[in-house]
Amino acid sequence: MPSKTKALSTFTEALAAASERLGYSDSIHKLLTLSAREIKVAIPIVRDNGELAVFSGYRVQHHNARGPYKGGLRYHPEVNLGEVRDLASLMTLKTALMDIPLGGAKGGIDCDPHSLTSRELEMLTRKFVKRMHRHIGPEMDIMAPDIGTDASIMGWIHSEYSAIYGHSPAVVTGKPINLGGSQGREKATGYGVSIVVDAVARTRGGPLSGASAVIQGFGNVGMHAAFCLRDLGVKVIAVSDSRTAVYGKDGLDLDGLVKHKQERGTLEDVDGHQNISHEELLALECDYLIPAALGGAITRKNVDTLNCRHLVEAANAPVTPEAEEILLKRNVEIVPDILANAGGVVVSYFEWVQNLQRRAWPLFKVDKELNRILHNAAHDVMSRSHDEGITLRAAAYEIASMRVKDALDATGF
Ligand code: NAD
């Protein structure tokens, strides 16, 4: 079963390949991969039934040469130091590729948030901040939501940190709007996927209007991507959730699907739509296949069934290296996660800026700036890919690695 929290082997391999092509020494490659600081804490809480439970909390701060550490906080039973370390370095490269003044970090607690009550979750989060507060802060390390965490958890982090240091909304992003959250943050990753697809289509894929898209996953990223692509004239012909997939050859009624899912909690038996299996969804002929659910979703086992012209990685690491090799041989263009799903971190950056400035941007400004940054990044990646004759992933990793190395050079190590 593919896992949302699978180790990012694609990331490690892509970074090693970038270092080699750029002619970096082993020491520079080591500097790009090693974390600056890794913190592990024990977090005991008394559960509602009176029993003591102890969790492990992690924060890995990878690089801050380009700006304060920035990255999500994940609550998941399988969280471990190795995974958090990989994700922290991916954040360093993602912020560098977006050319925003932030570094990379990641954190997590090895808990199952669905088995904890709201009071237990709040206590766990506040205790984590009590143990971690000396290492985080608006100018040091800014956390954000990730798998298993949400706006209310970010609100508790803000509140606990502010109790020690005074009102500090910029210590965390992804907050509720009334606590200093940004307009446009919720849709940012899915919207960003559509902006990147648009940029790729303009340069290499032909007109977007009338193109077809299939989206695996209909959660935050997949759903917003579906609506934003529809707004660009794309025909979204299939989407899925963990239980089933829905297909409509002339395009789905997305509003109807959302309403049905909200009312019944499932995508099964939606009027006028056909349910198909997860495997059938992946095999549909389409211009854009967009995995937006799990890491490791496209593997050597199912890759031969794919029938798409472009594959857009909305999820992190949805394609294994073996599957990627096969797709590239078949001339399927892969738009890498580090570019395709960076919209969320860019709007997180806007939230941090707004908090530091004590101002709130209107939605049109957030959207306009997001478009500018993602179009620039997509343009940089496509130009390098074209000029050097390398894949979009290789180009993205090279640009990001060079930017981090330049900053390290400038700081004198
Ligand atoms: P989410 O939990 O809101 O949605 C995930 C969706 O995938 C749900 O609809 C779920 O039912 C579906 N799903 C689960 N298993 C499935 C399966 N086997 N087949 C088909 N669908 C399945 O999560 P999200 O926030 O939308 O994130 C999706 C992916 O994007 C994750 O890999 C996440 O790490 C990545 N990502 C998210 C963000 C963000 O801002 N939310 C940013 C960058 C990357």
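Visitor: Any chance you could explain helix H8 (residues 254–264) here in plain terms?
Guide: Residues lying three or four places apart along an α-helix face the same way, a consequence of the helix completing one turn every 3.6 residues. Regarding H8, the residues found buried are Leu254, Leu257, Val258 and His260. All buried residues of H8 fall inside an arc of 165° around its axis, so they share one side. Facing away from the buried side of H8, by more than 90 degrees, are the exposed residues Lys259, Gln262 and Glu263. Where H8 is buried, its residues contact helix H7 (220–231), strand S7 (235–240) and strand S8 (245–247). Following H8 by one or two positions, Gly265 has its phi on the positive side, about 75°.

Visitor: Honestly, the sheet that holds S7 in this entry has me stumped. Any pointers?
Guide: Hydrogen bonding along the main chain pairs the strands of a sheet, whether they run parallel or antiparallel. The strand order S9-S8-S7-S6-S10-S11-S12 describes an open sheet built from seven strands, whose pairing is mixed. Only two strands of the sheet have a single neighbouring strand rather than two, namely strand S9 (274–276) and strand S12 (333–335). For this sheet the average axis-to-axis angle between neighbouring strands, irrespective of direction, equals 30°. Sheet topology places strand S6 (residues 212–216) next to strand S10 (residues 285–291); four bridges connect them, and they run parallel. Counted as the bridge partner of Gln216 is Pro291 from S10.

Visitor: Mind showing me how you'd approach the side chain of His224 here?
Guide: Within the element layout of this structure, His224 appears in helix H7. Residues contacting His224, with those up to four places away along its chain left out, are Glu186, Lys187, Gly190, Tyr191 and Gly219.

Thresholds applied
- Residues numbered from 1 in each chain as written.
- Predicted model: local features only at pLDDT ≥ 70, side-chain atom pairs only at ≥ 80, totals over all residues.
- Heavy atoms only, no water.
- Buried < 20%, exposed > 50% of the residue type's maximum accessible area, 1.4 Å probe, protein only.
- Helix = DSSP H or I, 4+ residues; strand = E, 2+ residues; numbered from the N terminus.
- Arc of directions from axis to C-beta.
- Contact = heavy atoms within 4.5 Å.
- Pairing = 2+ DSSP bridges.
- Axes fitted to C-alpha atoms, helices over the stretch in contact; angles between N-to-C directions.

Such coordinate-based values are descriptive only and should not be taken to indicate function.
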